[in-house]
Amino acid sequence: MCFPAALGAIGSALGAGAATSGAAIATGSAALGAASSALGFIGQRQTARAQERAQAVAMQQEQQRFRREQLAMRQREAQEQIANLQQRQQIAEETRKALARQVVATGEAGVGGASAQAVVDEFTAQEGRYLAALEQQRQFQALNTGLALGDIGMAHQRNITALSRPIQQPSFLEGITSIGSAGASGYLAGQQLYKATDPTS
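For clarity, every value in this text was computed on a predicted model and none was experimentally measured.

About the thresholds
Residues numbered from 1 in each chain as written. Predicted model: local features only at pLDDT ≥ 70, side-chain atom pairs only at ≥ 80, totals over all residues. Heavy atoms only, no water. Helix = DSSP H or I, 4+ residues; strand = E, 2+ residues; numbered from the N terminus. Buried < 20%, exposed > 50% of the residue type's maximum accessible area, 1.4 Å probe, protein only. Contact = heavy atoms within 4.5 Å. Areas by Shrake-Rupley, 256 points an atom, 1.4 Å probe, with all protein chains shown as cover. Core = buried A, V, L, I, M, F, W, Y, C linked by side-chain atoms within 4.5 Å. pLDDT = per-residue confidence, 0-100. Polar contact = N/O pair within 3.5 Å; in protein donor to acceptor, adjacent residues only side chain to side chain. Salt bridge = Lys/Arg side-chain N within 4 Å of Asp/Glu carboxyl O.

**Regarding the overall build of the protein chain**
Looking only at helices and strands, one finds four helices and zero strands in the protein chain. For the protein chain, the N- to C-terminal ordering of α and β elements is α-α-α-α. Every one of the 201 residues in the protein chain was classed for burial, and the buried ones make up 20%. In the protein chain, once contacts between residues fewer than 6 apart in sequence are set aside, the share between residues at least 24 apart is 86%. Roughly 13400 Å² of accessible area belongs to the protein chain as shown, and the carbon and sulfur atoms make up 59% of that amount.

**Points about the nonpolar core**
Counting residues in hydrophobic clusters, the biggest one holds five residues: Phe66, Met73, Ala148, Leu149 and Ile152. Only α2 (22-108) and α3 (113-163) provide two or more residues apiece to this core. Per-element tally for this core: the top contributor is α3, with three residues. Among residues more than four places away in sequence, those in contact with Leu149 are Gln70, Met73 and Arg74.

**Describing the environment of Gln81**
Relative to the helices and strands, Gln81 is located in helix α2. For the pair Gln81 and Arg138, spaced 57 residues apart in the sequence, the C-alpha separation amounts to 7.4 Å.

**Here we look at the confidence of the model for the protein chain**
Looking at the protein chain, the pLDDT average stands at 73 and 58% of residues meet or exceed 70. Considering each helix and strand of the protein chain separately, the mean pLDDT is smallest for helix α1 (residues 3-14), with a value of 45, and largest for α3, with 87. Taken as a whole, residues 1-20 scores under 50 in pLDDT and shows 23 contacts with residues more than four places along the chain or in a different chain.

**Structural notes on the side chain of Glu62**
Inspection of the secondary structure puts Glu62 in helix α2. Accessibility expressed as a relative area gives 7% for Glu62, which makes it buried. At a separation of 2.9 Å, a polar atom in the side chain of Glu62 contacts the side chain of His156. Those residues in contact with Glu62 that sit more than four places away from it in its chain are His156, Asn159, Ile160 and Leu163.

**Brief notes about the environment of Ala92**
The residue Ala92 is located in helix α2 in this model. Residue classification places Ala92 among the partly exposed residues on the basis of a relative accessible area of 34%. Between the C-alpha atom of Ala92 and that of Leu131, which follows or precedes it by 39 residues, the distance is 8.9 Å.

**Comments concerning the pattern of salt bridges**
Tallied over the entire structure, the rule returns nine salt bridges. A salt bridge links Glu80 to Arg76, with the shortest nitrogen-to-oxygen separation between them at 3.8 Å. Placement of the pair is Glu80 and Arg76 together in helix α2, with a separation of four residues, close to one helical turn. Given the relative accessible area of 22%, Glu80 is considered partly exposed.

**Some details on the side chain of Asn84**
Residue position: Asn84 is located in helix α2. Under the relative-accessibility criterion, Asn84 is labelled buried at 5%. Excluding residues within four positions of it along the chain, Asn84 makes contact with Leu134 and Arg138.

Rendered as structure tokens:
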């Protein structure tokens, strides 16, 4: 029974002239109590649904944030890999040019044999050291990226766990019981009110 209907029931009970008996007042009070309890149950259910919608929006926003952070991290990783490759190519090109110049210089100086090979070996060794340093840098960057992605994933899981906390739902059975109890209490209160105001009692 809705609240206006409950008020109507009370009006009918009180407006029946001589029929304004203890039972009529008690019935109207019972209807009012039941309606009030029903409105409370409906309000709780609406609150729970609003919380569910807010939770769904928050979950969606968290998923989007997580994907953005992952994408940003992967983009930085790709940029680092491109930069590393470009450095390797630059080192190889500079070594090739320097070696070519040195070969020409040693040839013009009449240096050959083991001495010329030693020059080549030195340039090759120097290039190897540069490339080894670049590889070590790449490994450190890959390790840092992996750790950062792990931190992002753990933070995401913590946020999802926090957002997934169950929302308390109003119990339909408890709501019906509460409505019945409120109606009974209202009925008794109506009888007591009638007895207190009845001049014949």
